[in-house]
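The lines below spell out each chain.
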Amino acid sequence: MLSLVLGACPAPPADPPLDTTWHEAFDATSTGWLLSIWGPAPDDLYAAGGEPGHGVLVHFDGDAWAEVTLPEATPLLSWLYGFSTDDFTLVGDGGTILHFDGQSFTAQASSTDENLWGVWGATHDDLWAVGGGGRSGDTATLVHFDGASWSPVDLPPFQKANVRALYKVWGTGADNVYAVGQYGTVLHYDGNAWKEELVGANDDLISLWGTSPSNIYAVGGRGNGIISRFDGSEWHTEGLAPLPGLNGVFMRAPNVVHVVGITGTIATIDATTLQPIAQDPWSTALDLHATFAIDGKMYAVGGSFASLQPPYEGLALERGLDAEE
Amino acid sequence: MMKRWLAASCAAMSCAGFACTDETIAPATEPTVAEGIFADLGEPLPSATEEQLAAFERGRAVALQRFSSDDGLGPTFNVSFCGACHEKPVLSGSAGRYRNFLLVRQSLPDGTQVNTGVNGVQDQYAVADSPYDPTQVETNRIAQRNPIPFFGVGLLAEIPDEVILANADPDDADGDGISGRANYDRGFVGRFGRKSQTVSLEGFIRGPLFNHAGITSNPLPNDRKNELPVPSGTPEATGEAAQGLGHAQQAQAAAPDEPTVDDDDAPDPELSEDDLFDLVSFAMLVAAPRPDDPTEQTQRGEQLFRDAKCTACHIPALRGPRGLVPAYSDLLLHDMGEELADGIIMAEASGAEFRTQPLWGVTAVAPYLHDGRADTLDEAIRLHGGEGEASREAYEALSDEERGDVLAFIESLGGSSQRSDGRLPPSEPISAPLAYGGPDRPLSKAEEERFVRGRALFDRDQAVAAGLGPRFNGDSCRACHFDPVIGGAGPEDVNVLRQGIWQDGHFTAPAMGTMAHRHMLGDGRPPVDPQANVFEARQTPSTLGLGMIDRIPEANIFANADPDDADGDGVRGVARILPDGRLGRLGWKCGVPSLAEFARDASFNELGLTLPDQTGLTFGGSSDDDEIPDPEMTVSDLEDLVFYLSHLAPPPRSSVDPVLESKGQAIFVQIGCSACHRSSLKDSEGYDVPLFSDLLLHDVAAPEAVGIEDGTASTRQFRTSPLWGLATSAPYMHDGRAPTIEDAIAAHFGEADASVDRYVALTSGERDALLAFLSSL
């Protein structure tokens, strides 16, 4: 009966064809580097970054991107993660941690002076942030937020020498958290303790994402792209050369790994074979650092951060995202 | 425009799944060798513009610039200038084994490796209280590297990725036993380095500058990349700059991973953008070695080379935008077998894979192979394994004459007329008497021949087959003594390191001796005594004029000794009597009694050459642990070497402002410097030897100094260093801690305190006069 009623109705107007080609989301040339992008809704997105000594946050309200006023002297921001429009956290240089409650930003004492590169949490009172400098004298850093304060977490003794930075942290729950870092370092937290896992990666692992405890992907490589997959029981690592080094990864569908990297590298990787299934690089000398998708749109952000000198250019790209991707 | 790495993917993956419609590589049509690319080794491309030539010359100067700690050298380092590793036979070449360096890794159970040291390089020296840079404890894999020449690298940079990939056969699809696969770097086909690990010439300069010298630099900005001889900026921005030259897009100059800061006190970047630009330009503009005209022998050799399938990897030429580039390399990785494997992973290259080394100019850059293990080309061929094994066997099956033809062909690929057994150009004439590097008097014809023989021995890189090692600091005498000419002093990157055990205020020499060698044969770093807790560097003193010092009677040295400060001037002066009763007069601690003993001591302890018995001489050793029969030197060689040294003229004085210098000399005496730095000592014939030393030991160490004891010379005592040739023998002091003469004066303590105080009290004009005098010596 219902179908008859619906069938009697005039056909709804067809959706416009999905534009899956990358284009600039906005002109970020003078924004500063954009190192991270996240948002709770398609019309409530944030991209964070800046330049050495100066942090920048831009917000998309569905119509336009606009810079958000940050607390004075906010340094370069490297990553953000949150749960809702009134609960997200930013981390950055010099141990900076900012929390946004929907009204204002609050600087939180992080318990470290090291640069923080990544933040993730299972719940608003169970956050992890990671960092370090990657150079002699710097220390791989892990700090935890228990809802009240941040405190340093002792890292296990590394089998790998010279691990002086952890770059990202991500997990599927409070008892299943991973951190990745220098020289292919992977740390796993099972709810009780952090433990190093050797995954067969020589080069830095810079970011990770996944869709379940048995479908987790870490990417990196600096010069040549690498990807490491955890299938629930073991890690498997593949070199992706000639695909260049990767910085960012995001997944929505369990079988497609979206990655971005140096010199405009954008690709999708088959989650099973770990081989590129599509490559759509952006013609630029700039590097991409992060990718993120929500609903039917995917974003990639980056900039001139590899050069460490002016001009501090940013880059923000977007495209439509198929339901299967 | 399609991205280069995507194009590479297409070539490697048969374009599966990708649109490869643009940038199609046109099929080769009767390619010819590129024009305007050949020159003598070290010379610029004949096709270079005037502007490029100017950059080439500026870049060459930067490559020869010595960095000091004031300039940013360190905090750890292997070398103090680029040319240190690229000197043979000319700048842009390679170097002897004394410039070998170590790659260090931590190998892990999952087959991965972590760089230890400085980005995987083990530095020898530290700019710190202790000059020894220890090996990181986690290091469990060490591999040797011999410096790599960079002839024609700008031409190699221009070669399209697709051209290199066209020769790749990673799965040996053609079944010839030779695969060949590309290494990659940021999406481009790697082509530089022993493992083709990088595509970026800028990176190949910035990386070693940081890893080996501790010199920081910022990446070139895009506008400068586009001005390089091989334009390297973004395609859109390069525009007209690329016309007439190959265009490597951003590949050749992009080097974002190299550190831009370090932990020393010099402001970063320590190399300016302009200097980096000139240095990269210099490298890009170095010409390809000019091949010799073919002869019947080289043509026979070429055919045998092809018949042995050497050309399967040593492909005669690759096609660049200017035409064929005959480097005799496919620039691909090949598994060279277990014997050559170094176990070092570099990007996609495994521990057994190496890039096919270009053969142009190879004859002039011995020793051969990645670690310099081969003394000769014949030996290098015979060490080929893995994918090169069949060709090696084919070569070994040839007759002696045929192998000679093959070698003649390889030697004809450029550089044969510039090949030297050391650093001296072939047939280098003797400098004029009393000039730098010349004899101390006119020589007879027979004496000239002997002087040349001795000089050649001093200069010659000693082969492993001749007995070099098993541990050594230099592979020639010249390896340390080359400033400003062969026989002179040496920069701090050839300092000798001494070790000792300091406990409860007492020094103990390790059982293995105080020498901490830098090099050993095979993969590894010579171990130091596990208890050693004090290290001290020894700067290379000049040998110029040693013969004159040798001829000073002992009595004339004893005459100035005042061990108990009987005259109460605060300056003692201790004559060092050796256990056999002879007076020590040479070395930083007066530990060597004569020139002949010096030659023996250095030959054995610095080079590892065992010595024959010589009546009345006791220094050096007669046996060692290598496989070469002892003695490894002959009496005749030693006598020629000593003849050369004994007749090597002292550094000539160079007066610029005699009035000022005369005033400075008076100040020198007035403030007490001449109490130790005596202007001259009489030789056996009564002539003045103007060495500005008393050849005695003095305590001039800093109050807190803890050094190395040597016989009766305490940790704090050093011989008064002769000052002749001062201006051309920086750095100064026993450990090279003082980059300038002013720094050296300020580094005197103890018995020199009063003189330093008086120096500090001088007016600036008086100091200028003093420095003018000292610089004129």
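Residues numbered from 1 in each chain as written. Chains lettered and ligands numbered in written order. Predicted model: local features only at pLDDT ≥ 70, side-chain atom pairs only at ≥ 80, totals over all residues. Heavy atoms only, no water.

*Asks:* Honestly, the overall build of chain A in this entry has me stumped. Any pointers?
*Replies:* Each helix and strand in chain A was counted, giving one helix and 28 strands. Here the C-alpha atoms of chain A give a radius of gyration of 20 Å, agreeing with the 20 Å that 2.2 N^0.38 yields for 325 residues. Principal-axis analysis of the C-alpha atoms gives chain A an extent of 70 × 45 × 40 Å. In chain A, which comprises 325 residues, the share counted as buried stands at 58%. Long-range pairs, those at least 24 residues apart, make up 45% of the contacts in chain A with a sequence separation of at least 6. A total of about 12,500 Å² of accessible surface is found on chain A, and carbon and sulfur atoms cover 51% of it. For chain A, the distance from the average position of its 10 positive side-chain charges to the average position of its 40 negative side-chain charges is 9 Å. (Helix = DSSP H or I, 4+ residues; strand = E, 2+ residues; numbered from the N terminus. Rg over C-alpha atoms; globule rule 2.2 N^0.38 Å. Buried < 20%, exposed > 50% of the residue type's maximum accessible area, 1.4 Å probe, protein only. Contact = heavy atoms within 4.5 Å. Areas by Shrake-Rupley, 256 points an atom, 1.4 Å probe, with all protein chains shown as cover. Lys, Arg positive; Asp, Glu negative; His and termini not counted. Charge placed at Lys NZ, Arg CZ, Asp CG, Glu CD.)

*Asks:* Explanation requested: the sheet that holds strand β18 (residues 205–212) of chain A in the structure shown.
*Replies:* Within a sheet, adjacent strands bond to each other through the backbone by hydrogen bonds, running parallel or antiparallel. Residue and element names in this part refer to chain A. In spatial order, the strands read β18-β19-β20-β21; together these four strands make up an open sheet with antiparallel pairing. Every interior strand has two partners, whereas the edge strands, β18 and β21 (235–244), have only one. For this sheet the average axis-to-axis angle between neighbouring strands, irrespective of direction, equals 20°. Across six bridges, the pairing between strand β20 (residues 224–230) and β21 is antiparallel. Bridge pairing links F230 to W235 in β21. (Pairing = 2+ DSSP bridges. Axes fitted to C-alpha atoms, helices over the stretch in contact; angles between N-to-C directions.)

*Asks:* What is the right way to look at the packing of aromatic side chains in this model?
*Replies:* Pairs of aromatic rings are described using the distance from one ring centre to the other and the angle between the two planes. All told, the structure shown has 37 aromatic pairs over all chains when counted by the stated rule. Taken together through their ring pairs, the aromatic side chains of W38(A), Y46(A), Y81(A), F83(A), F88(A), F100(A), F105(A), W120(A), W170(A), W209(A), F250(A) and F292(A) make up a single cluster. The positively charged end of K195(B) is found above the aromatic ring belonging to F354(B), 4.4 Å away from the centroid. For R767(B), the ring lying beneath its charged end belongs to Y759(B), and the centroid distance is 4.8 Å. (Phe/Tyr/Trp six-rings, centres within 6.5 Å; stacked < 30°, edge-to-face > 60°. Lys NZ or Arg CZ within 6 Å of the ring centre and 35° of its normal.)

*Asks:* Help me out: how do you make sense of the state of the cysteines in this one?
*Replies:* Such a bond, covalent and formed between the sulfur atoms of two cysteines, is termed a disulfide. Residues and elements named next belong to chain B. Under the counting rule described, the total for this entry stands at zero disulfides over all chains. Free cysteine C477: the closest other cysteine sulfur is in C480, separated by 9.0 Å. The class for C477 is buried, based on a relative accessible area of 14%. Sulfur of C676: no disulfide; nearest cysteine sulfur belongs to C673 and is 8.9 Å away. On the basis of relative accessibility, which here comes to 12%, the residue C676 falls in the buried class. (Disulfide = S-S within 2.5 Å.)

*Asks:* Help me understand the interface of chain B and chain A, please; the structure alone is not making it clear to me.
*Replies:* The parts lose accessible area when they come together, and the size of an interface is often stated as this lost area. Listed per partner, the contact involves 38 residues of chain B and 33 residues of chain A. Contact between chain B and chain A buries roughly 2,900 Å² in total, counting both sides, with carbon and sulfur atoms accounting for 54%. Run the count over chain B and chain A and you get zero salt bridges. Considering each element in turn, the side of chain B that touches chain A owes the most residues, four residues, to helix α1 (residues 4–13) of chain B. (Buried area = accessible area lost by both parts, 1.4 Å probe. Salt bridge = Lys/Arg side-chain N within 4 Å of Asp/Glu carboxyl O.)

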